[in-house]
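Report on the structure
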Amino acid sequence: LMSVTGMMAPFYASLSAAQKWAAKQGVEETASSRFVGALFHSLADNCKAQGNGFDHIVAESQTPGGLNEQALRELKASGVYTLLEAEMDVI
């Protein structure tokens with residue numbers, strides 16, 4: 001499990017990217033930081049009690065034809081999740 005702890009900085013980098021994107025869209029920096037932090041905190045808190053993986057949460061978080069379905073599809077197509085797994089193999 002030590003390699004999984006190497007995903008901390010990539011997690012925070014995802015938050016940083018989301019916050020910077022929101023700021024570029026005109027959301028004030030403090031407000032965008034607080035919103036992104038609160039959103040990801042809520043999402044992470046929802047995961048603490050999971051004992052059977054996370055695939056069901058992935059499925060439940062998508063509305064057919066919705067934003068989450070689109071984002072997941074495009075990120076999968078880019079290979080980002082394969083790269084995350086490969087990086088955990090390396091570290």
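Residues numbered from 1 in each chain as written. Predicted model: local features only at pLDDT ≥ 70, side-chain atom pairs only at ≥ 80, totals over all residues. Heavy atoms only, no water.

**Overview of the overall build of the chain**
A tally of regular secondary structure across the chain gives five helices and zero strands. Listed by position from the N terminus, the elements making up the chain come as α-α-α-α-α. With respect to the three principal axes, the spread of C-alpha positions in the chain is 40 × 30 × 30 Å. The burial tally for the chain puts 11% of its 91 residues in the buried class. (Helix = DSSP H or I, 4+ residues; strand = E, 2+ residues; numbered from the N terminus. Buried < 20%, exposed > 50% of the residue type's maximum accessible area, 1.4 Å probe, protein only.)

**Section: the pattern of salt bridges**
The tally for this structure, following the rule as stated, stands at one salt bridge. Here K48 and D45 are joined by a salt bridge, their closest N and O atoms 2.9 Å apart. The exposed category is assigned to K48, whose relative accessible area is 65%. A relative accessible area of 39% means that D45 is categorised as partly exposed. (Salt bridge = Lys/Arg side-chain N within 4 Å of Asp/Glu carboxyl O.)

**Description of the environment of V58**
Relative to the helices and strands, V58 is located in helix α3 (residues 55–60). V58 sits 14 residues away from L72 along the chain, and the two C-alpha atoms are 8.9 Å apart.

**Some remarks on the side chain of S32**
Structurally, S32 is set in helix α2 (residues 29–47). Its relative accessible area of 2% is what places S32 among the buried residues. Reaching out from S32, the side chain makes a polar contact with the backbone oxygen of E29 at a distance of 3.0 Å. With sequence-adjacent residues up to four places away left out, S32 is seen in contact with Q19, A22, A23 and V27. (Polar contact = N/O pair within 3.5 Å; in protein donor to acceptor, adjacent residues only side chain to side chain. Contact = heavy atoms within 4.5 Å.)

**Topic: the packing of helix α1 (residues 8–24) against α2**
Viewed as axis vectors pointing N to C, α1 and α2 meet at an angle of 140 degrees, and their least axial separation amounts to 9 Å. Relative to α2, α1 is oriented oblique. Of the two elements, α1 crosses α2, and the hand of that crossing is right-handed. Note on element contacts: α2 touches α1 through E29, S32, S33, V36 and F40, opposite F11, L15, A18, Q19, A22 and A23. Broken down by class, the residue content of the contact of α1 with α2 amounts to seven nonpolar, three polar and one charged. (Axes fitted to C-alpha atoms, helices over the stretch in contact; angles between N-to-C directions. Parallel < 35°, antiparallel > 145°, perpendicular 65-115°, else oblique. Left-handed = near helix turned anticlockwise from the far one by under 90°. Nonpolar A, V, L, I, M, F, W, Y, C, P; charged D, E, K, R; others polar.)

**Observations regarding a nonpolar patch on the surface**
A contiguous nonpolar surface patch, about 320 Å² in accessible area, is contributed by M8, F11 and Y12. By the element assignment, F11 lies in helix α1. (Patch = residues over 30% accessible without salt bridge, like charges linked within 9 Å, V, L, I, M, F, W, Y side chains within 5 Å. Areas by Shrake-Rupley, 256 points an atom, 1.4 Å probe, with all protein chains shown as cover.)

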